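Tertiary structure, described
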Amino acid sequence: MKEYKQEAERDERFDLLTGIGNKYYFVQCFEKYISDQKRALYSLIYIGFQIEKVNKYYGESEAENQLKYAAKELMVSTSDINLVARLSGGGFAVVRAAQSEEEAGEWTKEVLHRLNRYGEKSGKDFHPNFYAGIYMLRRDDIDCATVLNNAARGYHYAVSRGTPYEFSNASLLNSEKEKMQLKKGVFEAIEKGEFKMFLQPIIDRRKQNIIGAESLSRWEHPTKGMLHPGKYIEIMEEEASISNLDFFIFEMACRQLEEWKQEGKNLFLSCNFTRMTIAQEDFAEELEKIAGRYEFDYSNLVIEITEDVMEKNKEMAFDNISRCKALGFKIALDDIGSGYTSFSDLRDYPIDIVKIDRSILNSAVTEQGIALLGGLIILVHSLKMMVLCEGVETQQQFELLSQLNCDYVQGYYFYRPLPKGEICRILDEEDLRAVRGKTGR
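Bear in mind that the values here come from a model prediction, so they are computed numbers and not experimental data.

As for the overall build of the protein
- Along the protein, the regular secondary structure elements total 19 helices and 15 strands.
- Here the protein has a C-alpha radius of gyration of 28 Å; the compact-globule value for 441 residues is 22 Å, and the former is much larger.
- Along the longest, intermediate and shortest principal axes, the C-alpha atoms of the protein span 105 × 45 × 45 Å.
- For the protein, the residues scored as buried account for 47% of the 441 residues in total.
- Surface accessibility of the protein: about 23,000 Å² in total, with carbon and sulfur atoms responsible for 48%.
- Taking the 57 positively charged and 71 negatively charged side chains of the protein as two groups, their mean positions are separated by 3 Å.

Considerations on the packing of helix α3 (residues 51-58) against helix α4 (residues 60-77)
- Two elements in contact, α3 and α4, have axes separated by 7 Å at closest approach and are oriented at 135°. Classified by the interaxial angle, the pair formed by α3 and α4 is oblique. Across the interface between the two elements, I51, V54, N55 and Y58 from α3 touch E60, E62, A63, Q66 and L67 from α4.
- The class makeup of the residues in the contact of α3 with α4 is five nonpolar, two polar and two charged.

Quick look at the sheet that holds strand β4 (residues 130-136)
- Pairing is mixed in the open sheet, where five strands are placed in the order β2-β3-β1-β4-β5. Edge positions in the open sheet fall to β2 (84-88) and β5 (165-167), since each of these has one partner strand only. With direction set aside, neighbouring strand axes in the sheet form an average angle of 20°.
- Contacting β1 (42-49), β2, β3 (91-97) and β4, α4 crosses the sheet at an angle of about 5° to β3.
- Contacting β1, β2, β3, β4 and β5, helix α7 (residues 144-161) runs over the sheet at an angle of about 140° to β4.

A short note on the packing of aromatic side chains
- Under the defined criterion, the tally for this structure stands at 20 aromatic pairs.
- When the ring of F247 is compared with that of F273, the centres are 6.4 Å apart and the planes differ by 55°; the resulting orientation is tilted. Residue F247 is found in helix α10 (residues 242-262), and its partner F273 is found in the loop between β9 (268-272) and α11 (275-278); the two are separated by 26 residues along the sequence.
- R416 extends its terminal NZ or CZ atom over the ring of Y412, reaching a point 4.0 Å from the ring centre.

Considerations on the side chain of E251
- Among the structural elements, E251 can be located in helix α10.
- Since its relative accessible area comes to 18%, E251 is described here as buried.
- When near neighbours in sequence (up to four residues on either side) are disregarded, E251 contacts I290, R293 and Y294.

Quick look at unusual backbone geometry
- Phi is positive for Q208, which is not a glycine, with a value near 60°.
- Here Q208 is to be found in the loop between β6 (195-204) and β7 (210-221).

Focus on helix α18 (residues 395-403)
- Residues Q397, F398, L400 and L401 constitute the buried set of α18. For α18, the angular spread of the buried residues around the axis is 160°, confining them to a single face. Exposed residues lying more than 90 degrees from the buried face of α18 are Q396 and Q403.
- Those residues of α18 hidden inside the fold are in contact with α16 (358-362), α17 (367-382), β13 (386-389) and β14 (408-409).
- Just downstream of α18, N405 is the residue with a positive phi angle, here 65°.

Description of the side chain of T274
- Along the chain, the position of T274 falls in the loop between β9 and α11.
- By relative accessible area, which is 15% here, T274 ends up buried.
- Among all residues touching T274, those that are not within four sequence positions of it are E237, I242 and D246.

Section: the packing of α4 against helix α5 (residues 101-115)
- Running from N to C, α4 and α5 point in directions that differ by 145°, and their axes come no closer than 10 Å. The way α4 lies across α5 gives a crossing that is right-handed. Facing Y69, A70, E73, L74 and S77 of α4, the residues of α5 in contact are W107, V111, R114 and L115.

Remarks on the nonpolar core
- Counting residues in hydrophobic clusters, the biggest one holds 72 residues, and the most contacted among them are F250, F273, L287, L301, I303, I356 and L373.
- Top element by residues in this core is α10. It accounts for ten residues.
- Setting aside residues up to four positions removed in sequence, L287 forms contacts with F247, F250, F273, I303, C324 and F329.

Thoughts on the environment of K68
- Residue placement: K68 occurs in helix α4.
- On a C-alpha basis, the gap between K68 and I20 in space is 9.4 Å, while along the polypeptide they are 48 residues apart.

Focus: the confidence of the model for the protein
- Per-residue pLDDT for the protein averages 86, and the proportion of residues at 70 or more is 90%.
- Per-element mean pLDDT across the protein ranges from 53 in helix α1 (residues 2-13) up to 97 in β14.
- This stretch, residues 1-8, has a pLDDT under 50; its non-local contacts, to residues over four places away or in other chains, come to zero contacts.

A few points about the environment of I423
- Locating I423 in the fold gives a position in helix α19 (residues 420-439).
- Placed 210 residues apart in sequence, I423 and A213 show a C-alpha to C-alpha distance of 9.1 Å.
- The residues touching I423, leaving out its near neighbours within four places in the chain, are L199, P201 and L418.

Rules used throughout
- Residues numbered from 1 in each chain as written.
- Predicted model: local features only at pLDDT ≥ 70, side-chain atom pairs only at ≥ 80, totals over all residues.
- Heavy atoms only, no water.
- Helix = DSSP H or I, 4+ residues; strand = E, 2+ residues; numbered from the N terminus.
- Rg over C-alpha atoms; globule rule 2.2 N^0.38 Å.
- Buried < 20%, exposed > 50% of the residue type's maximum accessible area, 1.4 Å probe, protein only.
- Areas by Shrake-Rupley, 256 points an atom, 1.4 Å probe, with all protein chains shown as cover.
- Lys, Arg positive; Asp, Glu negative; His and termini not counted.
- Charge placed at Lys NZ, Arg CZ, Asp CG, Glu CD.
- Axes fitted to C-alpha atoms, helices over the stretch in contact; angles between N-to-C directions.
- Parallel < 35°, antiparallel > 145°, perpendicular 65-115°, else oblique.
- Contact = heavy atoms within 4.5 Å.
- Nonpolar A, V, L, I, M, F, W, Y, C, P; charged D, E, K, R; others polar.
- Pairing = 2+ DSSP bridges.
- Phe/Tyr/Trp six-rings, centres within 6.5 Å; stacked < 30°, edge-to-face > 60°.
- Lys NZ or Arg CZ within 6 Å of the ring centre and 35° of its normal.
- Arc of directions from axis to C-beta.
- Left-handed = near helix turned anticlockwise from the far one by under 90°.
- Core = buried A, V, L, I, M, F, W, Y, C linked by side-chain atoms within 4.5 Å.
- pLDDT = per-residue confidence, 0-100.

Right under this line is the structure:
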């Protein structure tokens, strides 16, 4: 009976596949052997690979072989401390002494190099990618579950960035904590009316007056204040709720165009759509349904697409964009120059406006940079399309674009993105000045 109990205890504390300790074992050892006085001398490293992808593309047996290989390599690498365990899935945890982040990073880098040689050593035709998150223990890090979670956040951040390893420092942990808080509220934010439409005016380069605007979103968070897209777009993409926001802003733009039509203002609005939204089969039908609720000239609504849409969802993107064009909407290609567009895309897609990425304008400070910018404008004009240059921030840039015959400009030199009400006030003032100019008053 005693031997049976000892065997059962071993099964409970050890991973049967790899033969090393499991999470239960790791927590026991952490609490028993890492004392308060010495805790700050250690680092906890979460190391793993994306086992779901290996299972999907190479099979479960291959994933198991990779787990065994990793466990063996980690045991060899940690023979001086013997505190290594397989947690779950493709994740392992290691605690080792480290006097500094530099020392912990060097050790992790070396171990990852050995782990990533699995394909080479096993004669396989693929090379797995192991990543790691490093958390430098503090004296008050008593709860093992918390420090494991801290290190795991560094691992997931490394995976998302494609970097070998990341330190789970205070900055990263605070950022991740904020991200989790935003995730909890993002689903209800649209229904609660927390998302607002901001507009950044687009200027006719020749007349230097507002002819339209780009529709942008801002999240008026109840506790964090006004948040810019960089704070929530990635979260909404991860949670598959970004299309809800895209269609919400589109509807607000339709409503605004109807109001302008009733006021006698002939202006256009452009709307951005993420790759995930444009990839939906019913994308064009959804736009038609929303726009059908309002009275406005469809040619005053511009659908903005980015270069990566055409690269990664070519057939669906072409079909959806062509259908939008057939409905009467105009099409703008955003951020040209960021790396994806080919000349054939400019030829084949029904594009009305090409928006030159601000990086091209910022590089137009040398003879070659100016030649590139000017050449792009000539090319677009030769294809019977209009040119809009983004990121205009100085008078010098505006004068250069005037010399190069750019059609439209947009940027902080004229206006920053502003709340819808503020833009409407500016437009009313423009109308008043125009009337006074005609009457001489």
